[in-house]
Each structure stands twice: as structure tokens, then as C-alpha cells.
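Take a look at the letters that make up each chain.
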Amino acid sequence: MALLRKINTKAATDENTGFGRNSNSNADRFFNKDGQPNIHIKGVSWLKRSSIFQFMLKVPVWKFLGIIVLFYLVVNLLFATVYTLIGIDNLGGMDAKTLPGKFLEAFFFSAQTLSTVGYGHVYPSGFAANAVAAIESLLGLLMFALATGLMYGRFSKPRSYLVFSEKALFAPYKDGVALMFRLAPYKKHFLTDVEIKVNLAMEVNVNGVMKNQFYSLNLELSRANTLTLNWTIVHPIDETSPLFNLTKEDIALSDAEMLVFLKGYDDEYSNTVVARTSYTFKEFVYGAKFKMMYHPSEDGATTILDLDKLNAFDAAEVPVKF
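We now turn to the structure provided with this report. (Residues numbered from 1 in each chain as written. Predicted model: local features only at pLDDT ≥ 70, side-chain atom pairs only at ≥ 80, totals over all residues. Heavy atoms only, no water.)

This part is about a nonpolar patch on the surface. A surface patch of nonpolar side chains, about 280 Å² in accessible area, is lined by I39, I41 and V44. Its place among the elements puts I39 in the loop between α1 (2-6) and α2 (46-49). With a relative accessible area of 61%, I39 lands in the exposed category. (Patch = residues over 30% accessible without salt bridge, like charges linked within 9 Å, V, L, I, M, F, W, Y side chains within 5 Å. Areas by Shrake-Rupley, 256 points an atom, 1.4 Å probe, with all protein chains shown as cover. Salt bridge = Lys/Arg side-chain N within 4 Å of Asp/Glu carboxyl O. Helix = DSSP H or I, 4+ residues; strand = E, 2+ residues; numbered from the N terminus. Buried < 20%, exposed > 50% of the residue type's maximum accessible area, 1.4 Å probe, protein only.)

Now the structure itself:
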């Protein structure tokens, strides 16, 4: 009950977080650093809970291209095997004399058929080979249409293109202390009408039972007309803050996690984009302040935003001893 008494009862609680109240039902953090919920779904089959489309949109570019190339090779190898099984003699115009050479020519014939570019000197002869070639050409049309749609989806998907600092700092603020983190755009997709909300999740002892409590953190500034430079998000720790009067040990004992939700309007996509991340108590730094990230150019004609300094901070004395 000691931790519950220390938390300010005036702090605004959030009842619509989408997370359970029973702390024993949750493990580790609520959100991963990349903003994805730290949840694994069970009780349904892998096919039903998985989405190939979402997977292909989210994987890194090198994995995406690797999967496309691998699938292309596997399909051609499969059809080359089929042509071999139905009789390699059903493919006319082959120059190779050995079985490996004929299989290789069947592979390239399959690639020409699958891509619908037309035949070279090898051509199907007989009903079986023509039937397989017809099926393969239809499959090729469907495959390339699907690959084109996936590539368009990856290029056209609205993204926030924001990067968050790795740590959140308890830093000096006016005559007191504030909890701060910062973010910055890393591409020239400058957002407008940006809004940010921050919640704090804590485990508190309620009548001998540990429960999750969620608090809406008041921010120095929660809206911005545009986001072109870095933005330091500041939560002043005053009498209305759930962190007021808490020590470093109290925060660790409560398994505190700060949940960050941001949305803004991207003019280039003409769409609203979102970004999420979180900071656990292990990612809090006590007694520090961020270094400046931007400075004028040598000729004074433009402003330089140095993303290498996003996570740079110095030690600082704070009024509260954690």
C-alpha cells in the first residue's frame, strides 16, 4: 500500500487503454520499441492469425526482395521438374544432350513461360507439355500481379518517418524536474497538425492485489502545427503528476512503462500517419539533459539537424534526489 499512497490521487487516470488491469496477466512491456504491441495470439491456427500481405509490407526491403526471388526460383524449379517427369522429350528444340543440361533448359523454358515473355528455341510439344505451359503462364500472370501489388503497397504505405530517442530523461525543468524524451523526422516528410499523447502504466498495490494503473501524463506541449526539427516532449513532475514524490526505487518497483502515441498529417500522402513507442523504467535516465541537435550552417543560410545527436545527453543536477 505504500506505493499507492505515494502516487498522487489527483493524477488523471486513463480507463480506455485497451490493456488489462490484472498485472499478473501481463508480461514485460506493453509495447516494443518499434511501436508494435508485445502480444502473441494463441487459440487459432497459424494461417488464420497470420497475414501474408501485412508480413510482406513490414519486412525489410532485403527480405522482401529475397522472398520474391526465392519464390520465383522455387516455382521455376518445380515446373522444370514437372516437365522432366512428363517426359523431357515433350519439349522440342533442345540442344542439350545430357539430363542435367536438359533440366537446365527446361528451367529456363519455365522462366520464359512464367514471365510470359515468349519462347526461345525450346517449345512445348504434345498435350501434356502444352497443358502445363498454359497453367504456368496463368500462374505467372497472377504471381506478377500479386508482386506488383505488394511493391506498390510498400511504396504507397503512409509512414511517419520519425525516430525516437532511446532513453527518457529525468531532467531539470524550471525550478523542478520533468520527464523528457525527444523525436525527430529523418526524411523530408514533414508532418502538420501533429498531436501526441503519453500514458504511464504502473503496477500498484490495491488492497493487497497488484493491479495495472494507467495515467494520462500532462505535457508542456502536446500539439504542433508542423514538425521539421526535433521535438522534446516534456512532462513536468508537479503535484498533478503520478510520479510526484516517487523515488527511483518506487518507479522500478512499479514496473513503470511510458506509452507514447503520435499522429500527424502528411501532405505528400494526403493521409494521417501514426507512430508509437514506449519506455520502460530500465530506459529512464535520472539526472541528465539532452544536448542540442540543430545549429546554423557555416554561411548561416540554413539549419542543420544532426540526427547523430538524438540520443546525446549530459549529466545534470536535479532538485530531487532519486
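Further notes follow.
Once that is clear, we can look at the packing of helix α4 (residues 61-87) against helix α6 (residues 127-156). Relative orientation of the contacting elements α4 and α6 amounts to 175°, with a least axis distance of 11 Å. In terms of orientation, α4 and α6 fall into the roughly antiparallel class. The residues of α6 that touch α4, namely those facing V61, F64, I68, F71, Y72, V75, N76, F79, V82, Y83 and I86, are A128, A129, V132, A133, E136, L139, M143, F144, A147, L150, M151 and R154. Here the residues of the contact of α4 with α6 are counted per class, giving 20 nonpolar, one polar and two charged. (Axes fitted to C-alpha atoms, helices over the stretch in contact; angles between N-to-C directions. Parallel < 35°, antiparallel > 145°, perpendicular 65-115°, else oblique. Contact = heavy atoms within 4.5 Å. Nonpolar A, V, L, I, M, F, W, Y, C, P; charged D, E, K, R; others polar.)

Turning our eyes to something else, we now look at the packing of helix α5 (residues 99-114) against α6. A pair of packed helices is captured by two measures, namely the crossing angle of their axes and the spacing between those axes. It is at 8 Å that the axes of α5 and α6 come closest, and there the two elements cross at 55°. Taken together, the axes of α5 and α6 lie oblique to each other. In this structure, α5 contributes F109, S110, T113 and L114 to the contact, and α6 contributes A133, E136, S137, L139, G140, L141, M143 and F144. By residue class, the composition of the contact of α5 with α6 is seven nonpolar, four polar and one charged.

Next up on the list: the pattern of salt bridges. The tally for this structure, following the rule as stated, stands at three salt bridges. A salt bridge links R223 to E195, with the nearest nitrogen and oxygen atoms 3.5 Å apart. Within this pair, whereas R223 is found in strand β8 (residues 223-227), its partner E195 is found in strand β6 (residues 191-206), the two being separated by 28 residues in sequence. For E195, a relative accessible area of 17% translates into the label buried. Among the salt bridges present, the one from D314 reaches K291, with a minimum N-O distance of 3.6 Å. Here D314, found in strand β16 (residues 313-315), pairs with K291, found in the loop between β13 (288-290) and β14 (294-296); they are 23 residues apart in sequence, far enough to count as distant. Since its relative accessible area comes to 36%, K291 is described here as partly exposed.

As a further point, take the packing of aromatic side chains. Per the stated rule, a full pass over the model turns up seven aromatic pairs. With centroids separated by 5.2 Å and ring planes inclined at 70°, the aromatic side chains of Y83 and F109 adopt a geometry described as edge-to-face. Pair noted here: Y83 is in helix α4 and F109 is in helix α5, with a separation of 26 residues, a long-range link. Taking the relative accessible area as the measure of exposure, F109 reaches 1% and is therefore buried. (Phe/Tyr/Trp six-rings, centres within 6.5 Å; stacked < 30°, edge-to-face > 60°.)

Next up on the list: α6. Between its first and last C-alpha atoms α6 spans 43 Å; for 30 residues at 1.5 Å apiece the expected length is 44 Å, and the two agree. A129, V132, A133, E136, G140, M143, A147, L150, G153 and R154 are the residues of α6 that are buried. Of the surrounding secondary structure, the elements contacted by the buried residues of α6 are α3 (52-58), α4, β1 (91-92), α5 and β2 (123-124). (Expected span 1.5 Å × (residues − 1).)

Along the chain, T280 falls in strand β11 (residues 271-280). Ignoring sequence-local partners within four residues, the contact set of T280 consists of R29, A256 and E257.

Another aspect to go through is the side chain of D250. Tracing the backbone shows D250 in helix α7 (residues 248-253). In this structure the side chain of D250 is engaged in a polar contact, spanning 3.1 Å, whose partner is the backbone nitrogen of T247. (Polar contact = N/O pair within 3.5 Å; in protein donor to acceptor, adjacent residues only side chain to side chain.)

Here β6 lies mainly inside the structure; 12 of its 16 residues are buried. Here β6 pairs with β8 via four bridges, running antiparallel. For T192, the partnering residue across the bridge sits in β8 and is T226. In this sheet, strand β10 (residues 257-266) lies alongside β6 in antiparallel orientation, the contact comprising nine bridges. By the bridge assignment for β10, V198 is matched with V260. Pairing of β6 with strand β7 (residues 209-216) involves eight bridges; the strand directions are antiparallel. Bridge assignment links M202 to a residue of β7, and that residue is Q213. Counting the residues in the hairpin turn of β6 and β7 gives two residues, including N207, whose phi is positive at 55°. (Pairing = 2+ DSSP bridges.)

Before going further, it helps to spend a moment on the environment of M258. Structurally, the position occupied by M258 is in strand β10. Judged by its relative accessible area of 1%, M258 is buried.

Bringing unusual backbone geometry into the picture now. For Y161, which is not a glycine, the phi torsion comes out positive at approximately 50°. Within the element layout of this structure, Y161 appears in the loop between α6 and β3 (162-164). A positive phi angle is found at D193, which is not glycine, with a value near 50°. You can see D193 is positioned in strand β6.

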